[in-house]
Amino acid sequence: MDTVVKSMMEEDPEEEKKGLVLFGRDLSTIPCFRESFLYGIGTGVGVGIASFFKTSKPLLSQHIGMGAFTITTLVYWSYCRYNWSKQKFDAQLLQSALKDKIRYEGTGVEKEMEEKGILKSA
């Protein structure tokens with residue numbers, strides 16, 4: 001199931017999960033936050049260890065690992081947020097189309113919209 005649809009379904013005001021709060025914002029509610037940092041940490045550690053094995057210079061390996069962490073986190077964050085925004089937009093379009101279908105079901109407006117190709121019959 002898509003992450004956007006899951007987040008729309010999980011809106012339960014009774015269950016308040018408290019995660020890590022930074023500057024008054026719960027970081028667990030930010031889409032793509034966890035995945036971006038996990039991929040970034042894994043890549044940074046792996047590249048840092050590999051560069052240490054290759055060069056045997058700890059300071060250089062730390063810098064390379066930190067750079068790999070930063071680049072991976074930013075690239076994956078951008079990619080994930082783009083896909084999340086696209087899914088959210090598509091879900092909103094589908095939701096409004098379903099509302100229109102329900103609203104006009106069994107009326108003359110529905111027949112006109114089907115003729116024009118706006119609504120599709122089931």
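Residues numbered from 1 in each chain as written. Predicted model: local features only at pLDDT ≥ 70, side-chain atom pairs only at ≥ 80, totals over all residues. Heavy atoms only, no water.

Per an unreviewed UniProt entry, the protein chain is named Cytochrome c oxidase assembly protein COX20, mitochondrial, and its organism is Papilio machaon. The heading Subcellular location (unreviewed entry) in the UniProt record of the protein chain holds the text "Mitochondrion inner membrane". (UniProt positions renumbered as here; feature names shortened; annotations may be inferred.)

Before going further, it helps to spend a moment on the overall build of the protein chain. Along the protein chain, the regular secondary structure elements total four helices and two strands. In the protein chain, the succession of helices and strands from N to C terminus is α-β-β-α-α-α. For the protein chain, with 122 residues in total, the buried portion stands at 20%. Partitioning the contacts of the protein chain with sequence separation of at least 6, the portion at a separation of at least 24 is 53%. When the accessible area of the protein chain is evaluated, it comes to approximately 9900 Å², of which 62% is carbon and sulfur surface. (Helix = DSSP H or I, 4+ residues; strand = E, 2+ residues; numbered from the N terminus. Buried < 20%, exposed > 50% of the residue type's maximum accessible area, 1.4 Å probe, protein only. Contact = heavy atoms within 4.5 Å. Areas by Shrake-Rupley, 256 points an atom, 1.4 Å probe, with all protein chains shown as cover.)

Together, Phe37, Ile41, Val45, Ile49, Phe52 and Phe53 make up a nonpolar patch on the protein surface, roughly 580 Å² of accessible area in all. Relative to the helices and strands, Val45 resides in helix α2 (residues 33–55). Judged by relative accessible area, which is 47%, Val45 ranks as partly exposed. (Patch = residues over 30% accessible without salt bridge, like charges linked within 9 Å, V, L, I, M, F, W, Y side chains within 5 Å. Salt bridge = Lys/Arg side-chain N within 4 Å of Asp/Glu carboxyl O.)

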